[in-house]
Amino acid sequence: MAKFTSIFRKILIGLGVLLVLIQFVPFGRSHTNPPTIAEPQWDSPQTRETFFRSCGDCHSNQMVWPWYSNVAPVSWLVQYDVEEGRSHLNVSEWGRRKNDADEAVEEVESGAMPYPPYLLLHPSARLSDNEKAAFLQGLKNTFGQKREADEHEAESESEERN
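Residues numbered from 1 in each chain as written. Predicted model: local features only at pLDDT ≥ 70, side-chain atom pairs only at ≥ 80, totals over all residues. Heavy atoms only, no water.

Colleague: Account for a nonpolar patch on the surface, with residues named and values stated.
Modeller: A cluster of nonpolar side chains, contributed by Met 1, Phe 4, Ile 7, Phe 8, Ile 11, Leu 12, Leu 15 and Leu 18, occupies part of the molecular surface with about 900 Å² of accessible area. For Leu 18, the position within the fold is in helix α1 (residues 2-21). (Patch = residues over 30% accessible without salt bridge, like charges linked within 9 Å, V, L, I, M, F, W, Y side chains within 5 Å. Areas by Shrake-Rupley, 256 points an atom, 1.4 Å probe, with all protein chains shown as cover. Salt bridge = Lys/Arg side-chain N within 4 Å of Asp/Glu carboxyl O. Helix = DSSP H or I, 4+ residues; strand = E, 2+ residues; numbered from the N terminus.)

Colleague: Mind laying out the packing of aromatic side chains, listing which residues take part and the relevant values?
Modeller: All chains considered together, the criterion is met by 7 aromatic pairs. With a centroid separation of 5.2 Å and an interplanar angle of 45 degrees, the aromatic rings of Trp 42 and Phe 51 are classed as tilted. The burial state of Trp 42 is the same as that of Phe 51; both residues are buried. Taken together, a centroid distance of 6.0 Å and an interplanar angle of 55 degrees make the contact between Trp 42 and Phe 143 tilted. You can see Trp 42 sitting in the loop between α1 and α2 (45-54) and its partner Phe 143 sitting in the loop between α7 (129-142) and α8 (145-161), a full 101 residues away along the chain. Summarising the burial analysis for this pair, Trp 42 and Phe 143 share the class buried. Ring-pair connections join several aromatic residues into one group, and the members of that group are Trp 42, Phe 51, Phe 52, Trp 94 and Phe 143. (Phe/Tyr/Trp six-rings, centres within 6.5 Å; stacked < 30°, edge-to-face > 60°. Buried < 20%, exposed > 50% of the residue type's maximum accessible area, 1.4 Å probe, protein only.)

Colleague: Outline the side chain of His 122, supporting the account with residue identities and numerical values.
Modeller: Tracing the sequence through the fold places His 122 in the loop between α6 (116-121) and α7. On the accessibility criterion, His 122 (17% relative accessible area) is buried.

Colleague: Would you mind going over the pattern of salt bridges in detail, with residue names and values included?
Modeller: Throughout the structure, instances matching the rule amount to 6 salt bridges. A salt bridge links Arg 48 to Glu 39; the shortest N-O distance between them is 2.8 Å. Judged by relative accessible area, which is 25%, Glu 39 ranks as partly exposed. Put simply, Glu 49 and Arg 53 hold a salt bridge, and the shortest N to O gap is 3.5 Å.

Colleague: Requested: an account of the nonpolar core, with residues and values cited.
Modeller: Counting residues in each nonpolar core, the largest one holds 16 residues, and the members touching the most others are Phe 51, Leu 89, Val 91, Phe 135, Leu 139 and Phe 143. Among the elements of the structure, α2, α5 (104-110) and α7 are those that each provide at least two residues to this core. Among all residues touching Leu 139, those that are not within four sequence positions of it are Thr 47, Phe 51, Ala 104, Val 105, Val 108 and Gly 144. Listed in part, the 6 residues of the second largest apolar core include Met 63, Trp 65, Tyr 68 and Val 78. (Core = buried A, V, L, I, M, F, W, Y, C linked by side-chain atoms within 4.5 Å. Contact = heavy atoms within 4.5 Å.)

Colleague: Summarise the packing of α2 against α7; cite the residues concerned and give the values.
Modeller: When two helices pack together, their arrangement is given by the angle between the helix axes and by the axis-to-axis distance. Packing of α2 against α7 leaves a shortest axis separation of 9 Å and a crossing angle of 110 degrees. The pairing of α2 with α7 is recorded here as roughly perpendicular in orientation. The residues of α7 that touch α2, namely those facing Gln 46, Thr 47, Thr 50, Phe 51 and Arg 53, are Glu 131, Ala 134, Phe 135, Gly 138, Leu 139 and Thr 142. Of the residues belonging to the contact of α2 with α7, the class tally is 4 nonpolar, 5 polar and 2 charged. (Axes fitted to C-alpha atoms, helices over the stretch in contact; angles between N-to-C directions. Parallel < 35°, antiparallel > 145°, perpendicular 65-115°, else oblique. Nonpolar A, V, L, I, M, F, W, Y, C, P; charged D, E, K, R; others polar.)

Colleague: Give a detailed account of a negative patch on the surface, specifying residues and quantitative values.
Modeller: A surface patch of negative charge is lined by Asp 102, Glu 103, Glu 106 and Glu 107. Within the fold, Asp 102 resides in the loop between α4 (74-88) and α5. (Lys, Arg positive; Asp, Glu negative; His and termini not counted. Charge placed at Lys NZ, Arg CZ, Asp CG, Glu CD.)

Colleague: Could you give an account of the environment of Gln 41, naming the residues involved and the relevant values?
Modeller: Tracing the sequence through the fold places Gln 41 in the loop between α1 and α2. Accessibility expressed as a relative area gives 59% for Gln 41, which makes it exposed. Sequence separation between Gln 41 and Phe 143 is 102 residues; the distance between their C-alpha atoms is 8.7 Å.

See the structure below:
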């Protein structure tokens, strides 16, 4: 039993040292939010508010960086999720590049978004059935095909000027 305790203690000390050492890895600590260039024309203030409450940390340049985003290895996961989210849909850079806005409704409908692990630490991002229904309609109105076509046309004109 003493040998098991000694091995267990060494493993715990090794893990503790490793946890301290990984704090010096710089990835995941760049907590700057680029400026907001443009947002979509939201169908209502309620849709915008719900979007920023449930989706904005990963899908805008208005991330509120929580304390645990400074502690590795969690900081690495947070940084990765934010970069990945912004690469698919970033409402703070609307019209600057193609966004996967057409997939937003499907992701919310299927329950894939808001991201389930995110909901564990951000319970206010959870949507009731009524909120979800209103939010989905708002997303459809905001990111609908006509608006999307208008955005792509504006994007093409912008590229031609540059």
